[in-house]
Amino acid sequence: MKNLSIPSLGFLSAALFLVVGAAANSSPSNALSSEELARSVTEDYNDRLGALFTHFHRNPELSFMETKTAKKLANELRNSGFTVTEKVGGTGVVALLENGDGPLVMMRADMDGLPVQEKSGLDYASTATQTDPITGNQVPVMHACGHDVHITSLIGTAHQMAARRDNWSGTLMLIGQPAEERIRGAKAMMDDNLWERFGQPDYALAFHVGAGLPAGLINVQEGSPFAGSDSLDIIIHGVGAHGASPHAGKDPIVLGSQIVVALQTLVSRELAPREPGVVTVGSFHGGTKHNIISDRAVLQLTVRNTNLDTRDLLLKGIKRIAENLGRAAGLPEDKLPEVIYSKSSTPPTINNAPLVRRLKAVWQAGLGEREVVSISSKGMGAEDFPYFTTEPAIPSVYFTVGGTSVEDYRAASAGGAPIASHHSPLFRIDPQPSVTRGVQATVLALMDLMPPAP
């Protein structure tokens, strides 16, 4: 569901410089531990994680159908010493490692693939197919959004944390989440009493691999890295009539057109000029024939925002405009337009600013200042991670790990093939630097949030 926009090529040379020059900027005080961690993670990738990534990439599964993925993830976490519970919220996995007194910290990775036929040209490209539960059709399946990186890194994190118990204290919760692509999995796990069963975290973390950044570069920002997303249907009732006698009916297509135009004033006239928001009518269906005034039309909308106040303003405004234009058209109260909210909705992802600053300093010290940037997103892609962190509010950070090889970036800057976006059949990630940097960044953050008991 996410839309991690790719930066302009003007950013390209600077990003490459950041990656190439990073090694010279390690903090001397952290050099030994950081270098040892890097060596350990690289060895783990060569011994185990690389093969796991290839397996996950070749065997993607659709949302809420990640049974084999979840089983393999659960087994790997269990073998690392974690207490593992499966089938939470459908196919979700929860793994706990208790290690003395201290905070409970959660790290989440999403598991699902997409109904996309892979055309990446990789020798381990997916040829998997599944029956789409929505359409009933047999469809190709691909990890076209990098969730294979996320779950592989989660396993690598489990390996490192289990091996370093003397260096931290508290309880680590690792979550394998289903159905992020349908914006349903996090809520399904919460509806399955996640916190009541396993404990409410003191901190929550997640990352996404990004095609828009060179492999290994960390991007973390204050504010909202991902927008909130709501899908709405507006059912417009009318009174059917002959097209030659419009006075005898109430035309839902005319009313729908008025609603479409009026909705544009929510962003242009009710939202503060510097406050981002989107109201898009993506579908308008009504009528069956040239000379028939229908008794029904349907609008389908997507609404995007970056804070809860804006979300509330837009959603309330849509309902107000639709219903009151129905009244203005002379419809009775029982025939006013209906606003129906889809289950595929999510609040905005909002990073905790003090926690961002804390972890950014940790990563700059442990990985090198030039390997950690703060680049604001240009798009309004959405994530369902905030179902874990919004109600109740949990301090959280969602960051990005660059995933595109330096070679592909250089080729794109020289006029070669453009970098494929997420959800593209050409999407491809450079796995080793992406997975290993995901593990390194996560372990450094966890060690800081769960210091050893005195």
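Quick caveat: nothing in here was measured; it's all calculated off a predicted structure.

> For this particular structure, what's the right way to read the overall build of the protein?
Secondary structure assignment for the protein yields twelve helices and 18 strands. Computed over the C-alpha atoms, the radius of gyration of the protein is 24 Å, within 12% of the 22 Å expected from 2.2 N^0.38 for a compact globule of 454 residues. On the principal axes, the C-alpha backbone points of the protein span a range of 80 × 55 × 45 Å. Counting only residues that meet the buried cut, the protein has 54% of its 454 residues in that class. For the protein, long-range pairs separated by at least 24 residues make up 84% of all intrachain contacts whose partners lie at least 6 apart in sequence. Per element, the accessible surface of the protein, about 19100 Å² overall, is 51% carbon and sulfur. Of the charged side chains in the protein, 38 are positive and 46 negative; the average position of the first set lies 4 Å away from that of the second.

> How should the environment of Arg58 be read in this particular structure?
Counting through the fold element by element, Arg58 comes out in helix H2 (residues 31-58). Overall, Arg58 belongs to the partly exposed group, its relative accessible area being 41%. For the pair formed by Arg58 and Ala125, sequence separation is 67 residues and the distance between their alpha carbons is 5.9 Å. In this structure Arg58 touches Asp123, Tyr124, Ala125, Ser126 and Ala128, once residues within four positions along its chain are discounted.

> Explain the environment of Leu359 to me, please; I cannot follow it from the model alone.
As for its position among the elements, Leu359 is in helix H9 (residues 353-367). Note on Leu359: relative accessible area 0%, which makes it buried. Separated by 90 residues in sequence, Leu359 and Leu449 have C-alpha atoms that sit 8.9 Å apart. Those residues in contact with Leu359 that sit more than four places away from it in its chain are Leu205, Val397, Ala445, Asp448 and Leu449.

> Looking at this model, I keep getting lost on the confidence of the model for the protein. Mind explaining?
Interpretation of this model should avoid reading the predicted coordinates in detail wherever pLDDT is low. For the protein, per-residue confidence averages 93 on the pLDDT scale, and residues scoring 70 or more make up 93% of the total. This model gives residues 20-32 a pLDDT under 50, and the stretch forms 14 contacts once residues within four places in sequence are excluded.

> Teacher, can you tell me more about the side chain of Ser63 here?
Relative to the helices and strands, Ser63 is located in the loop between H2 and helix H3 (67-79). With a relative accessible area of 7%, Ser63 lands in the buried category.

> What is the right way to read helix H11 (residues 406-413) from this model?
Since the α-helix advances by 3.6 residues per turn, residues separated by three or four positions end up pointing in the same direction. Along H11, the positions that sit buried rather than exposed are Val406, Tyr409 and Ala412. Buried residues of H11, viewed axially, fall in a sector of 125 degrees; they line one side. Phi for Gly415, located one or two positions after H11, is positive at around 95 degrees.

> How do you make sense of the packing of helix H7 (residues 252-270) against helix H8 (residues 308-328) when you look at a structure like this?
Any two packed helices are characterised by the angle at which their axes cross and by the distance between the axes. Orientation of H7 relative to H8, taken along the N-to-C sense of each, is 145 degrees, at an axis distance of 10 Å. The two elements H7 and H8 meet at a crossing, and its hand is right-handed. In this structure, H7 contributes Leu255, Gln258, Ile259, Ala262, Leu263, Thr265, Leu266, Val267 and Glu270 to the contact, and H8 contributes Leu313, Leu314, Gly317, Ile318, Arg320, Ile321, Ala322, Leu325 and Gly326. A per-class count over the contact of H7 with H8 returns twelve nonpolar, four polar and two charged.

> What am I meant to see in the side chain of Thr400 here?
With respect to the element layout, Thr400 can be found in strand S18 (residues 396-404). In contact with Thr400, other than residues within four places in its own chain, are Leu4, His208, Val209, Gly210, Leu213, Leu217, Ile218 and Asn219.

> I'm lost on the nonpolar core in this one. Help?
Among the nonpolar cores identified, the biggest contains 67 residues, and Leu77, Leu174, Trp363 and Phe399 are the most heavily contacted of them. Counting 22 residues, the second-largest nonpolar core is a separate cluster that includes Leu4, Val88, Phe226 and Ile394.

> Whenever I open this one, unusual backbone geometry confuses me. Can you help?
In this structure, the amide linkage connecting Glu391 to the following residue, Pro392, adopts the cis form with an omega of 0 degrees. Secondary-structure assignment places Pro392 in the loop between helix H10 (386-389) and S18. Despite not being glycine, Phe64 shows a phi value in the positive range, around 65 degrees. Note that Phe64 resides in the loop between H2 and H3. Looking at Phe64, the relative accessible area reads 29%, which means it is partly exposed. Backbone geometry at Lys87 places phi at a positive 60 degrees, although glycine is not the residue there. Among the structural elements, Lys87 can be located in strand S1 (residues 83-88).

Conventions and cut-offs
- Residues numbered from 1 in each chain as written.
- Predicted model: local features only at pLDDT ≥ 70, side-chain atom pairs only at ≥ 80, totals over all residues.
- Heavy atoms only, no water.
- Helix = DSSP H or I, 4+ residues; strand = E, 2+ residues; numbered from the N terminus.
- Rg over C-alpha atoms; globule rule 2.2 N^0.38 Å.
- Buried < 20%, exposed > 50% of the residue type's maximum accessible area, 1.4 Å probe, protein only.
- Contact = heavy atoms within 4.5 Å.
- Areas by Shrake-Rupley, 256 points an atom, 1.4 Å probe, with all protein chains shown as cover.
- Lys, Arg positive; Asp, Glu negative; His and termini not counted.
- Charge placed at Lys NZ, Arg CZ, Asp CG, Glu CD.
- pLDDT = per-residue confidence, 0-100.
- Arc of directions from axis to C-beta.
- Axes fitted to C-alpha atoms, helices over the stretch in contact; angles between N-to-C directions.
- Left-handed = near helix turned anticlockwise from the far one by under 90°.
- Nonpolar A, V, L, I, M, F, W, Y, C, P; charged D, E, K, R; others polar.
- Core = buried A, V, L, I, M, F, W, Y, C linked by side-chain atoms within 4.5 Å.

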